[in-house]
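Each chain, written out:
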Amino acid sequence: MLKLLADENLDNTIIRGLLRRNPSIDIARVQDVALSGKDDPTVLAWAAQEQRVLLTHDVATITKYAYERVAQGYSMPGVIEAPTNAPIGQVIEDILTILECIATGELEGQILYLPL
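Model, not experiment: these values are computed from the prediction.

Student: What is the right way to read the pattern of salt bridges from this model?
Tutor: Side chains carrying opposite charge are able to pair once their charged atoms draw close together. Throughout the structure, instances matching the rule amount to 4 salt bridges. Its salt-bridge partner being Arg21, residue Glu93 comes within 2.2 Å of it at the nearest N-O pair. You can see Glu93 sitting in helix 4 (residues 88–101) and its partner Arg21 sitting in helix 1 (residues 12–21), a full 72 residues away along the chain. Among the residues examined, Glu93 registers a relative accessible area of 35% and is labelled partly exposed. A salt bridge links Glu68 to Lys64, with the nearest nitrogen and oxygen atoms 3.0 Å apart. Taken together, the positions of Glu68 and Lys64, both in helix 3 (residues 62–71) and 4 residues apart, correspond to about one turn of that helix. For Glu68, a relative accessible area of 32% puts it in the partly exposed group.

Set out below in structure tokens:
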């Protein structure tokens, strides 16, 4: 199963909903791994080091930095971007589907946009 990292701007209701549905999901929050307030490249580098796919609402800047990592030949395990106006229930369902259908490493260098 994919390991996840929730960006500090991700709605915590999504995290709670995911864990309520599947308590075995391996999800860390930026706030819990001493990355609060760090810039996007630092968060992406940590996610790559830990082989975690980043969950975020930040469609404005994360995309740019994620693709820069790929262009520079660095690992980028993947990003899942959910717009802030997407229904939370749909975002949870989409992430659960992704976790069921995508193996570790399959999102390398990719960004998925929700809703699916």
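Student: Help me understand the side chain of Glu81 in this model?
Tutor: With respect to the element layout, Glu81 can be found in strand 4 (residues 79–81). At 2.8 Å, the side chain of Glu81 and the side chain of Thr63 are in polar contact. Among all residues touching Glu81, those that are not within four sequence positions of it are Thr56, Asp58, Val59, Ile62, Thr63, Ile111, Leu112, Tyr113 and Leu114.

What counts and what doesn't
Residues numbered from 1 in each chain as written. Predicted model: local features only at pLDDT ≥ 70, side-chain atom pairs only at ≥ 80, totals over all residues. Heavy atoms only, no water. Salt bridge = Lys/Arg side-chain N within 4 Å of Asp/Glu carboxyl O. Helix = DSSP H or I, 4+ residues; strand = E, 2+ residues; numbered from the N terminus. Buried < 20%, exposed > 50% of the residue type's maximum accessible area, 1.4 Å probe, protein only. Polar contact = N/O pair within 3.5 Å; in protein donor to acceptor, adjacent residues only side chain to side chain. Contact = heavy atoms within 4.5 Å.

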